[in-house]
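Next come the chains, spelled out residue by residue.
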Amino acid sequence: MIKNYIKTAFRNLIKHKAFSLINISGLAIGMACCLLIIIFVQDELSYDKFHAKADRIYRMTSEENQRGIIANYPLVFSGVPSVLQNDYSEVLNFVRFDPRLNVLIGSGDKQFYEERLFYADASVFEVFTFPLIKGDPRTALKEPYSIVLTEKMAEKYFSGEDPIGQTLTIDNEHDYKIKGILKRIPRNSHIKFDFLASVATLEAQDPRYGKLWAWNCYAYLLLPGDYSYLGLERKFPDFIRRHRGEKAAQSYAFSLQPLTSIHLHSHLAYEIEASGDIRYVYIFSAIAFFILLIACINFMNLSTARSVNRAKEVGVRKVLGADRIRLTKQFLGESLFLSLVALPIAVALVELFLPAFNVLTGKDLRIDYFGNSVVLIGLTGILLFVGIISGSYPAFFLSTFRPSEVLKGKLKAGSGSSLFRKVLVVVQFSISIVLIAGTIIIYNQLDFIRNKKLGFDKDHVVVMPVSRSGIGQNFEAFKRELLQNPGVESVCGSTSLPSLLPTRSVFIPEGVEEGERLTLRNVLVDYDFIKTFGLEIKEGREFSRDFATDMKEAFVVNEAAAKEFGWDSAVGKRLIDLEGPKGHIVGVVKDFHFRSKHQRIEPLILSLLPSSRYVYFVSVKIKSSNISDTLAFLKSRWNAFSPGWPFEYFFLDDNFDRMYKSEDRLRQVFLTFTFLAIFIACLGLFGLAAFTAEQRTKEIGIRKVLGASVPGVVLLLSKEFIKWVLIANVIAWPVAYFALSRWLENFAYRISISWWVFIAAAFLALGIALVTVGFQAGKAALANPSDALRYE
């Protein structure tokens with residue numbers, strides 16, 4: 001019996017080649033898209049789950065409530081974890097991470113700036129699963145100035161030699177002894193490093209490190225397996241109250257994040273790396289489902305439309321004793337067979353386009369079809385979903401045919417299922433219109449974020465990280481040398497940059513309640529910072545060498561700071577930096593984005609560098625001509641002032657562009673899958689239009705003989721499809737508006753959803769439908785009427 005069903009299914013496949021091609025193509029593309037998104041979602045959900053104790057590890061975060069403004073950070077003071085372990089038995093262990101950026105590491109004649117050096121506690125190998133290939137995990141990071149490095153870095157610095165026991169020099173200052181070699185850090189870890197140095201080093205360098213309320217670090221706690229972390233969270237207010245006082249307990253709080261939720265659910269300032277977003281996981285999962293659903297709808301539509309071709313077969317089988325259940329099983333089996341044919345094509349498409357998909361998503365995804373249970377379950381699920389969903393209605397519909405009506409020829413093509421087909425087409429185009437509107441809004445919002453004025457000039461600004469090089473001690477002389485070059489317009493030094501999150505200091509502004517202190521962003525700058533970055537003075541003046549008191553008593557604030565202090569006019573107001581100058585505000589600059597435009601502009605205080613040793617970055621505004629010559633000049637001056645430190649630089653606009661890479665990827669992925677969804681919908685519409693034209697062949701011939709024009713015939717065949725698309729718009733618009741409004745709420749600065757977006761989506765969907773249907777309608781209208789009259 002099964003052999004007979006397979007033979008029948010195969011014959012139908014061969015007999016109706018065009019419709020089989022449409023069905024198989026649509027299903028294969030839908031399956032391929034779904035499989036690609038499944039492995040993307042699996043990768044996003046797998047972050048940090050490779051750790052053996054992942055379900056027991058929690059990261060501490062801190063919250064500050066400052067005059068009703070709440071700020072959350074993934075950092076805590078370095079002494080908090082050890083005191084917690086002493087106070088609460090449920091804290092079994094802890095690990096602190098303290099990353100260092102742009103560190104110069106050397107071995108012999110090899111020197112490189114490295115971005116991924118972390119200091120960590122010796123317990124890191126007990127809490128986390130970062131296996132050592134060589135070395136003892138219990139003692140590798142126990143002593144000061146000990147370090148472990150990954151296999152890749154070992155090869156980079158020692159080229160095949162055994163690095164154990166050898167030394168690495170950091171910042172041309174301290175030698176670190178290599179105690180271990182790490183396996184490659186998995187790419188699905190939110191903590192990625194190339195070097196781990198001992199926290200004992202920091203404690204040796206600065207006795208304040210590890211004190212209860214000093215230094216910030218990333219802290220991870222290990223709790224018992226049967227313990228709810230919420231129980232420990234409830235004890236935090238009392239902990240702060242006992243160790244820091246009642247006032248601190250009212251404005252400061254700790255909380256815990258499960259390790260495996262950090263990548264997708266945490267988007268705090270100072271994250272170790274750019275996180276994923278659970279919202280995009282939901283969006284892509286929904287797109288995968290809708291693409292697969294559209295492909296299934298194609299199959300259902302074409303199967304029910306061509307039901308008359310199987311009607312006599314059904315009638316004969318029923319006369320010979322086949323019951324409805326057996327017929328339903330047969331047609332569901334045929335649907336599964338077609339899905340089985342489409343599946344290897346889908347897998348081939350995935351393998352073909354996986355490299356492009358990796359480029360699109362910025363990942364390095366690989367598919368293990370037999371070793372990865374998620375892929376196996378996904379493939380099986382896709383096969384069954386497509387086979388059962390796409391074959392369900394045709395199977396139940398065909399099995400209801402009455403033998404007497406069928407064998408007497410009373411059944412007309414597509415009869416009985418016309419309304420359901422219309423509903424399915426409306427559903428298809430509703431989904432397509434939502435995706436089109438979504439693509440337009442996402443594109444416009446991300447374009448708005450990218451092109452919204454920053455409030456400063458980022459073009460042609462070359463930034464040189466100073467680190468511990470000799471530039472800091474000789475900054476003024478270095479600056480004078482650079483300004484000698486005609487290609488250099490201005491030079492400034494600072495502790496931070498636009499695009500980097502500045503550190504914070506504690507301030508007491510004029511007019512606040514007695515004893516109240518505000519923790520605000522603070523950047524130390526030189527006299528030419530405002531000029532170099534093209535900041536606009538709104539009130540007062542910029543820093544000036546003409547005023548001797550500016551060095552120790554002057555502040556420039558942004559508009560957000562003036563608003564935070566409740567000042568209509570800020571110039572002349574008193575301001576005290578508890579860690580720096582005490583003086584008055586001399587100027588207000590217009591707000592500018594020193595962070596990503598996802599966040600609102602925070603209050604910012606600028607004050608002058610008390611000494612050139614605080615210069616962390618040298619920013620050089622250069623002319624747009626002869627850039628290569630100017631860069632060569634900068635390198636020569638750097639080498640003259642800082643021998644032994646490699647010249648390194650970046651352009652500020654490139655730094656800003658990196659902040660929006662994930663949005664660019666989202667835009668490209670959404671656009672690609674929207675196009676594929678529309679393409680699959682058009683395949684089905686093309687098939688239905690061909691079927692409609694075929695069923696009305698004789699009618700078209702008669703109309704042409706009676707004088708109907710080609711445009712008239714095209715309109716006749718197209719108007720029903722146009723009506724379906726218009727109905728789809730009515731359904732899609734409110735759905736799209738609601739979903740996109742929710743998505744836009746995640747942006748501090750966002751566009752409004754204009755009416756023209758929905759009109760554009762409607763016209764685009766209508767245009768696509770007209771082109772698709774019009775091709776078949778035109779083909780039928782241009783046919784010879786004599787051939788049409790002889791049809792059948």
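The residue numbering used here restarts from 1 in each chain and proceeds along that chain's sequence as written. With the structure being a predicted model, the display of local features is reserved for residues of pLDDT at least 70 and the display and counting of side-chain atom pairs for 80 or more, all residues being used for whole-chain, interface and lining totals. Only heavy atoms go into the side-chain values, all of them from the structure, while hydrogens and water stay out.

1. Considering the overall build of the protein chain
Let me state the cut-off plainly: The helix count covers DSSP runs of H or I at least four residues long, the strand count covers runs of E at least two residues long, and both are numbered beginning at the N terminus. Burial status follows relative accessibility: with a 1.4 Å probe on protein chains alone, a residue under 20% of its type maximum counts as buried, one over 50% as exposed, and anything between as partly exposed. By the convention used here, residues are in contact when the closest approach between their heavy atoms is within 4.5 Å. All accessible areas in this document rest on Shrake-Rupley with a 1.4 Å probe, and a residue is counted as covered only by the protein chains that are shown.
In terms of helices and strands, the protein chain carries 27 helices and 25 strands. In the protein chain, buried positions account for 52% of the 792 residues. Summarising the internal contacts of the protein chain: among those between residues at least 6 apart in sequence, 79% fall at separations of at least 24. Accessible surface, the protein chain as shown: approximately 36,100 Å² in total, 57% of it carbon and sulfur.

2. Regarding the packing of aromatic side chains
Stated formally: Only Phe, Tyr and Trp rings take part, Trp by its six-membered ring, and two of them pair if their centres are within 6.5 Å. Stacked means planes under 30 degrees apart, edge-to-face means over 60, and tilted covers everything else. A ring has a charge above it when a Lys NZ or an Arg CZ is no more than 6 Å from the ring centre and no more than 35 degrees off the ring normal.
Across all of its chains, the model carries 38 aromatic pairs by this definition. Consider the rings of Phe-128 and Tyr-220, whose centres lie 5.4 Å apart with planes at 80°: the pair is edge-to-face. Taken as a pair, Phe-128 in the loop between helix H4 (124-127) and strand S8 (132-134) and Tyr-220 in strand S13 (residues 216-222) lie far apart in primary sequence, 92 residues in all. One exposure class covers both Phe-128 and Tyr-220, and it is buried. Ring geometry for Phe-357 versus Phe-673: centroids 6.2 Å apart, planes at 75°, classification edge-to-face. Here Phe-357 is found in helix H13 (residues 324-361), whereas its partner Phe-673 is found in helix H23 (residues 661-695), with 316 residues between them in sequence. The ring of Phe-112 has Lys-156 lying over it, and the distance from NZ or CZ to the ring centre is 4.4 Å. Sitting above the plane of the Tyr-749 ring, Arg-600 keeps its charged end 5.4 Å from the centroid.

3. Topic: the packing of helix H17 (residues 475-483) against helix H21 (residues 627-641)
The criterion, for reference: Here an angle of 0 to 180 degrees is reported between the N-to-C directions of two axes, which are lines fitted to C-alpha atoms, with helices fitted over the stretch in contact. Oblique is the label for every angle not falling under 35 degrees (roughly parallel), over 145 degrees (roughly antiparallel), or within 65 to 115 degrees (roughly perpendicular). A crossing counts as left-handed when the near helix is turned anticlockwise from the far one by less than a right angle, and as right-handed when that turn is clockwise.
Axis separation between H17 and H21 bottoms out at 10 Å; the angle between their running directions is 155°. Taken as axis vectors, H17 and H21 run roughly antiparallel relative to one another. H17 and H21 meet at a crossing whose hand is right-handed. Between H17 and H21, the residues in contact are Ala-477, Phe-478, Glu-481 and Leu-482 and Phe-633, Leu-634, Arg-637, Trp-638 and Phe-641, respectively.

4. Overview of H21
Residues three or four positions apart in an α-helix share a direction because the helix packs 3.6 residues into each turn. Convention followed: Helices are assigned an expected span. That span is 1.5 Å times one less than the residue count. Picture the helix axis, draw a direction to every C-beta atom, and the arc is the one those directions span.
Compared with an ideal rise of 1.5 Å per residue, which puts 15 residues at 21 Å, H21 spans 21 Å between its outermost C-alpha atoms and is within 8% of the ideal. Among the residues making up H21, those that are buried are Thr-630, Leu-631, Phe-633, Leu-634 and Trp-638. The buried residues of H21 occupy an angular sector of 155° when projected down its axis, which confines them to one face. Exposed residues lying more than 90 degrees from the buried face of H21 are Ser-628 and Asp-629. For H21, the secondary structure elements touched by its buried residues are strand S6 (110-114), strand S15 (461-465), H17, strand S16 (488-494), strand S24 (617-622) and strand S25 (650-651).

5. Quick notes on unusual backbone geometry
Positive phi, normally seen in glycine, also occurs at Asp-171, with a value near 55°. A positive phi angle, close to 55°, is found at Asn-626, a residue other than glycine. With respect to the helices and strands, Asn-626 occurs in the loop between S24 and H21. The exposure class assigned to Asn-626 is exposed, which follows from its relative accessible area of 53%.

6. What to know about the packing of helix H3 (residues 80-87) against helix H8 (residues 236-244)
In helix packing, the relevant descriptors are the interaxial angle and the interaxial distance, both defined with respect to the helix axes. Under the convention used in this document: Each residue receives one of three labels: charged for Asp, Glu, Lys and Arg, nonpolar for Ala, Val, Leu, Ile, Met, Phe, Trp, Tyr, Cys and Pro, and polar for the others, Gly being one of them.
Running from N to C, H3 and H8 cross one another at 105°; their axes reach a closest spacing of 12 Å. By the criterion of interaxial angle, the relationship of H3 to H8 is roughly perpendicular. In this structure, H3 contributes Val-80, Val-83, Leu-84 and Asp-87 to the contact, and H8 contributes Phe-236, Phe-239, Arg-242 and His-243. The residue makeup of the contact of H3 with H8, split by class, is five nonpolar, one polar and two charged.

7. Let's talk about the side chain of Ser-496
Note that Ser-496 resides in the loop between S16 and strand S17 (504-509). Not counting chain neighbours up to four residues away, the residues in contact with Ser-496 comprise Leu-501, Pro-502, Val-523, Phe-529 and Phe-617.

8. Some remarks on the pattern of salt bridges
Rules: Salt bridge criterion: a side-chain nitrogen from Lys or Arg within 4 Å of a carboxyl oxygen from Asp or Glu.
Inspection of every chain in the model, using the stated rule, returns 31 salt bridges. Measuring nitrogen to oxygen at the nearest pair gives 2.7 Å for the salt bridge that ties Lys-363 to Asp-43. Here Lys-363 is found in the loop between H13 and helix H14 (373-398), whereas its partner Asp-43 is found in helix H2 (residues 17-45), with 320 residues between them in sequence. With respect to class, Lys-363 is no different from Asp-43; both count as buried. The salt bridge partner of Lys-621 is Asp-457, with a shortest N-O separation of 2.5 Å. Of the two residues, Lys-621 is situated in strand S24 and Asp-457 in the loop between helix H16 (418-451) and S15; the sequence distance between them amounts to 164 residues. For Asp-457, a relative accessible area of 30% corresponds to the partly exposed category. Within the structure, one salt-bridge network assembled from shared partners comprises Asp-43, Glu-44, Arg-187 and Lys-363.

9. Describing helix H5 (residues 151-158)
Buried within H5 we find Met-153, Ala-154, Tyr-157 and Phe-158. Axial view of H5: buried residues confined to an arc of 105°, hence all on one face. Buried residues belonging to H5 abut strand S5 (103-107), S6, strand S9 (146-150), strand S10 (167-170), strand S11 (174-182) and strand S12 (195-198). Positive backbone phi, approximately 45°, marks Ser-159, located one or two places after H5.

10. Brief notes about the pairing of strand S18 (residues 518-525)
The criterion, for reference: Whether two strands pair comes down to DSSP finding at least two bridges between them.
Burial analysis of S18 places seven of its eight residues in the buried class, the great majority of the element. Direction of pairing for S17 relative to S18: antiparallel, over a ladder of four bridges. Each bridged residue has a counterpart across the sheet, and for Arg-504 the counterpart in S18 is Arg-521. When S18 meets strand S23 (residues 604-608), the two strands line up parallel, connected through five bridges. Residue pairing for S23: Val-523 is matched across the bridge by Leu-606.

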